[in-house]
Amino acid sequence: MTKKNYTIALLGALTLLFAGCSKQLEDKLLSTKSYFENTYVPIEVRGESTLSYTLTTRASSPVAKDTKITYRIGTTADIEEYNKLNNTDYLPFPLEDVSLPKPEGTIPSGSIYTTPVDLQFKGLDKVEAGKTFLVPVHFESEGSAPAIASSQTMYLALQKPIQLHKVAQLNSSYWSKDWISVPRLTDYTFESVTYEALIHATDFGGNSTVMGVEGKLILRIGDVGGGLPRDRIQIAGNKQFHYDSGLSENKWYHVAFTFNHNTGKAFIYINGKPVANGDWDQIADIREGFAIGRVPHFMWGERPFSGYMAEVRLWNVARSETEIQQNMLRVDPKSSGLIVYYHLNGEDVTQDESGKWSVLDATGNGLNGEPNDGLRGIKSEELSVPLEAKDLL
């Protein structure tokens, strides 16, 4: 055989070899596999103490013969690994309160879905509102549809929605003193900052103060005298920017402003989503004169907020979009960087010996609102329908 013919023969053999390998790889990739369609499933818990969830596994194509699927409940180590990979802090649901009475199902020949298997929960009164409890479930496959490893574990997330039943009513009248002055902020530094509040304006007026310090860093709705329409939310200080779309009266919003000193970036958030942004080198000192719902003693009018507020928070860190969105209705009062936290639910008030009222700071930092004889404990109103996070989305 000449060298040329040998080379051609060798190339032909290699081609057949690679073609055979490619066919084997293709067959392997296209072979029937079993998996969970959803590996993260939220389950809303209301008032029930027990519930049942039907587990279902599917195959990528009809199986050639009956395929046995066996389920088992995972461990707290699985939850720890999930939290580490996803940067979450979900809690383990007590595994003694989870059971699989009949852990085996079958994908019948010619089908793609398993026969149903029920997972039983009890003790759901242990699910605390606002927290997520995980239950990992694994499956093993015996038959013609081996499991896809990355989709072999499902995480059931038990969640009880937070409900707000009472909120503070703020009155815009000249005689009203329904606002909060925040004391002793000089004990803290604010290189970075986050403002947060749930608001429901009944009348925007011409300038509705949410919180901050006038002339330094204030979050407000409208500035008619300054040329900003009455329904636009704005952050104003040594710089300013606003959201181009208008808000609506008689509607609940979660509003937030963040400034990150390290990046120089500032954002306005509505219901957990960034809607406007700007650049700042640094923010002005906000430790003196910080107020909520009004600009007290301002020479050009006190610019009151008229409507309802709840869950007012001041931080000396820039909260992330995820942190804001996941904690609109409640946050751990011991969270790092949380300086002031007023629930404004009518229960977080106290009256001193002189009859003056203060709103209590939930953080434990002791930054209760300045006593105010006209505050009346920030009059609390019962909501006709409890407010939930879904109402904001």
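If you're wondering where the values come from, they're calculated on a predicted model, not measured in any experiment. Note on numbering: residues in each chain are counted from 1, in written sequence order. Residue-level local features of this predicted model are given only where pLDDT is at least 70; pairs of side-chain atoms are given and counted only at 80 or more, and the full residue set underlies all totals for whole chains, interfaces and linings. Excluding hydrogens and water, the side-chain figures rest on all heavy atoms present in the structure.

Further remarks concern the overall build of the chain. What the chain contains, in helices and strands, is three helices and 27 strands. For the chain, the residues scored as buried account for 42% of the 393 residues in total. Secondary structure elements follow DSSP: runs of H or I no shorter than four residues count as helices, runs of E no shorter than two count as strands, and numbering proceeds from the N terminus. Exposure is judged per residue with a 1.4 Å probe applied to protein chains only, and the accessible area is read against the type maximum: over 50% gives exposed, under 20% gives buried, and values in between give partly exposed.

In this section: the layout of surface pockets. Only protein atoms enter the calculation, which uses a 1 Å grid: trapped sets of points that fit a 1.4 Å probe without letting it out are cavities, open sets showing protein on both sides within 12 Å along at least five of seven lines are pockets, and any residue with an atom within 4 Å of a point is a lining residue. Grid points are joined across faces, edges and corners, and a volume is the space filled by probe spheres set on the points. One number sums up the size of the largest pocket: a volume of about 1,400 Å³. Around the largest pocket sit 39 residues that line it, and G130, K131, T132, Q326 and N327 are the ones nearest its centre. Contributions of two or more residues to the lining of the largest pocket are made by strand 2 (40-44) and helix 3 (321-326). Tallying contributions element by element places helix 3 first for the lining of the largest pocket, with four residues.

Paired through their backbone hydrogen bonds, the strands of a sheet run either parallel or antiparallel. In this analysis, strands are considered paired if DSSP registers two or more bridges between them. Pairing in this open sheet of six strands is antiparallel, and the strands run 13-22-15-16-17-18 from one edge to the other. On the outer flanks of this sheet lie strand 13 (180-181) and strand 18 (240-242), each paired with one strand and no other. Taken together, the five bridges between strand 15 (residues 208-213) and strand 16 (residues 217-223) define a ladder with antiparallel strand orientation. By the bridge assignment for strand 16, G212 is matched with I218.

The subject of this paragraph is the side chain of R58. On the secondary structure map, R58 appears in strand 4 (residues 58-59). R58 sits in the buried class, given a relative accessible area of 15%. At a separation of 3.5 Å, a polar atom in the side chain of R58 contacts the side chain of E37. Here, two residues are considered to be in contact whenever any of their heavy atoms come within 4.5 Å of each other. For R58, the residues in contact, after removing those within four places along its chain, are K33, S34, Y35, E37, I107, I112 and Y113. Any pair of N or O atoms that falls within 3.5 Å is considered a polar contact. Within protein, one atom must be able to donate a hydrogen and the other to accept it, and sequence-neighbouring residues count only if both atoms are side-chain atoms.

Before going further, it helps to spend a moment on the nonpolar core. Judged by nonpolar contacts, the single largest core of 46 residues is most densely connected at V193, Y195, F257 and F290. Per-element accounting of this core gives the leading share, five residues, to strand 14 (residues 193-203). If near-sequence neighbours (up to four positions away) are discounted, F257 is found in contact with V193, T194, Y195, L217, L219, I235, F241, A266, F267, I268 and W280. In terms of nonpolar packing, the next biggest core, distinct from the first, is built from 27 residues, L51, I69, V127 and M154 among them. Think of a nonpolar core as a cluster: buried Ala, Val, Leu, Ile, Met, Phe, Trp, Tyr and Cys residues, connected wherever their side-chain atoms sit within 4.5 Å.

Moving on to the sheet that holds strand 3 (residues 51-55). Here we have three strands laid out as an open sheet, ordered 3-9-7, and antiparallel in their pairing. Of all the strands in the sheet, just strand 3 and strand 7 (98-99) have a single pairing partner and so form its edges. Relative to strand 9 (residues 117-121), strand 7 runs antiparallel, the two being bridged by two bridges. If you follow V98 over to strand 9, its bridge partner there is F121.

With respect to burial, strand 14 is a largely interior element, nine of its eleven residues being buried. In this structure, strand 14 lies alongside strand 19 (residues 252-260), joined through eight bridges in antiparallel fashion. Paired with V193 across the two strands is F259, which belongs to strand 19. Pairing between strand 14 and strand 23 (residues 306-315): eight bridges, direction antiparallel. Residue pairing across strands places D203 opposite S306, the latter belonging to strand 23.

This part is about unusual backbone geometry. We note that N250 has phi near 60°; this positive angle belongs to a residue other than glycine. Unusually for a residue other than glycine, L344 sits at a positive phi of about 60°. Relative to the helices and strands, L344 resides in the loop between strand 24 (338-342) and strand 25 (349-351). Classification of L344 by relative accessible area gives buried; the value is 3%.

Listing the buried residues of helix 2 (residues 76-86) in full gives D78, I79, Y82 and N83. For helix 2, the arc enclosing every buried residue in end-on projection is 135°, short of the 170-degree limit, so these residues lie on one face. Away from its buried face by more than 90 degrees, helix 2 exposes E80, K84 and L85. Close packing links the buried residues of helix 2 with strand 2, strand 6 (91-92), strand 10 (132-142) and strand 11 (153-159). Following helix 2 by one or two positions, N87 adopts a phi angle in the positive range, close to 55°. Directions from the helix axis toward the C-beta atoms define the arc.

Let us now look at the packing of aromatic side chains. Ring pairs shown here join Phe, Tyr and Trp side chains whose ring centres sit within 6.5 Å, with only the six-membered ring taken for Trp; geometry is labelled stacked below 30 degrees between planes, edge-to-face above 60, and tilted in between. Inspection of every chain in the model, using the stated rule, returns 14 aromatic pairs. Pairing F267 with Y269 gives two aromatic rings, centres 6.1 Å apart and planes at 45°, and the pair type is tilted. Cluster of aromatic residues (ring-pair linked, three or more members): Y195, F241, F257, F259, W280 and F290.

Further remarks concern the environment of N38. Within the secondary structure, N38 is located in the loop between strand 1 (34-35) and strand 2. What makes N38 partly exposed here is its relative accessible area of 47%. C-alpha separation for the pair N38 and Q152, spaced 114 residues apart in sequence, amounts to 10.0 Å.

It is worth spelling out the confidence of the model for the chain at this point. Confidence scores labelled pLDDT are given residue by residue by the predictor and lie between 0 and 100. On average, the chain scores 88 in pLDDT, and the residues at 70 or more come to 88%. A low-confidence stretch, residues 13-29 stays under pLDDT 50, and its non-local contacts, those more than four residues away or across chains, total one contact.

Moving on, we get to the pairing of strand 23. Of all ten residues making up strand 23, nine are buried, and the element is well covered by its neighbours. In this sheet, strand 23 lies alongside strand 12 (residues 164-170) in antiparallel orientation, the contact comprising three bridges. For Q169, the partnering residue across the bridge sits in strand 23 and is Y308. Across four bridges, the pairing between strand 23 and strand 24 is antiparallel. Following the sheet pairing, W315 is matched in strand 24 by L338.

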